Amino acid sequence: CGVKYRPKSYWEITAYADAFRFPEPTYTTVNPGAKGLEFSLQSQWRIRSKWLLTARYRFKSRERTVTGYDQMEFRTTHKVRIAVCRSRQYVELNAQADAVYATRQTGKQSFGWMCSVRPVWKPSDRFRLKGFAAVFFTDDNESALYACEPQLLRTGAFPSFFYHGMRGVLLSDWKVVSSFCVGVRLSSTYYFNRKTISSGFAEINARCKSDLSVQLRWCL
């Protein structure tokens with residue numbers, strides 16, 4: 001269930017709670033009957049019609065199978081986000097700070113934080129430039145954090161960030177003529193505490209991974 005409350009024209013509060021139970025085993029539990037609870041509380045303030053300040057807290061607790069045992073444990077995460085958005089005629093800037101605290105019923109704890117920024121520059125209707133930059137430090141993948149990155153048209157991803165590193169994305173979208181567009185996306189990830197990335201056939205023996213994508217669109 002969810003609720004939205006607006007005490008002032010510039011102030012909005014939203015909240016929701018979800019209790020769930022899986023009667024059959026799932027990909028994270030070998031036993032039936034896994035249950036959990038999720039809760040979120042968010043507040044937004046609009047300042048002078050150009051600044052938007054957001055504060056959010058999320059709680060999630062869910063049963064999962066203990067590795068190596070035929071038993072289940074509750075895994076709980078607490079996530080906090082503070083974000084600010086500034087919008088003008090040609091420029092938009094989003095900056096946010098995230099933190100997560102993850103615990104297990106068996107006693108393990110982990111912590112992570114991330115600071116990120118997403119600028120957008122749109123000097124005309126024919127050209128747009130988007131960026132993303134983040135630095136993150138987490139204890140493990142249990143304390144992974146998520147952020148929205150600029151993507152090429154009709155492509156989507158919601159990447160996770162864990163361990164120690166930084167991430168950068170630059171995307172340009174240019175309408176050459178009314179029916180032909182060119183999109184270019186360059187992304188790079190650098191880890192401070194890892195000498196290899198991924199594993200198996202996809203393993204990279206380096207701290208850095210970069211990708212370049214080019215998209216050509218012809219609209220009839």
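Attention in this report is confined to the structure presented alongside it.

Conventions and cut-offs
- Residues numbered from 1 in each chain as written.
- Predicted model: local features only at pLDDT ≥ 70, side-chain atom pairs only at ≥ 80, totals over all residues.
- Heavy atoms only, no water.
- 1 Å grid on protein atoms, 1.4 Å probe; cavity = no way out; pocket = protein on both sides within 12 Å on 5 of 7 lines; lining within 4 Å.
- Points joined across faces, edges and corners; volume = space filled by probe spheres on them.
- Helix = DSSP H or I, 4+ residues; strand = E, 2+ residues; numbered from the N terminus.
- Nonpolar A, V, L, I, M, F, W, Y, C, P; charged D, E, K, R; others polar.

**Focus: the layout of surface pockets**
Argument step 1. Looking at the largest pocket, its volume works out to about 730 Å³.
Argument step 2. Contributing to the lining of the largest pocket are 24 residues, with Lys60, Thr77, Lys79, Ala144 and Tyr146 lying nearest its centre.
Argument step 3. When contributions to the lining of the largest pocket are tallied by element, the ones reaching two or more residues are strand S4 (51-65), strand S5 (72-87), strand S6 (91-104) and strand S9 (145-146).
Argument step 4. Broken down by element, the residue count for the lining of the largest pocket peaks at 7 residues, all from S4.
Argument step 5. Its residues assigned to classes, the lining of the largest pocket shows 9 nonpolar, 4 polar and 11 charged.
Argument step 6. A volume near 290 Å³ is recorded for the second largest pocket.
Argument step 7. Taken together, 15 residues make up the lining of the second largest pocket; nearest its centre are Ser160, Arg167, Thr189, Tyr191 and Lys209.
Argument step 8. Within the residue set of the lining of the second largest pocket, elements represented by two or more residues are strand S10 (160-161), strand S12 (180-191) and strand S13 (208-218).
Argument step 9. Among the elements that take part in the lining of the second largest pocket, S12 stands out by supplying 3 residues, more than any other.
Argument step 10. Residue classes in the lining of the second largest pocket are distributed as 6 nonpolar, 4 polar and 5 charged.

**Points about empty space enclosed by the protein**
Argument step 1. The final tally for this structure, using the stated rule, is 1 cavity of 30 Å³ or more.
Argument step 2. By volume, the largest cavity amounts to about 40 Å³.
Argument step 3. Looking at the largest cavity, the residues that line it are Arg75, Ala102, Thr103, Arg104, Lys108, Gln109, Ser110 and Glu142.
Argument step 4. Sorting the residues of the lining of the largest cavity by element identifies S6 and strand S7 (109-124) as the ones contributing at least two each.
Argument step 5. Per element, the largest residue contribution to the lining of the largest cavity is 3 residues, and it comes from S6.
Argument step 6. Looking at side-chain class alone, the lining of the largest cavity contains 1 nonpolar, 3 polar and 4 charged residues.

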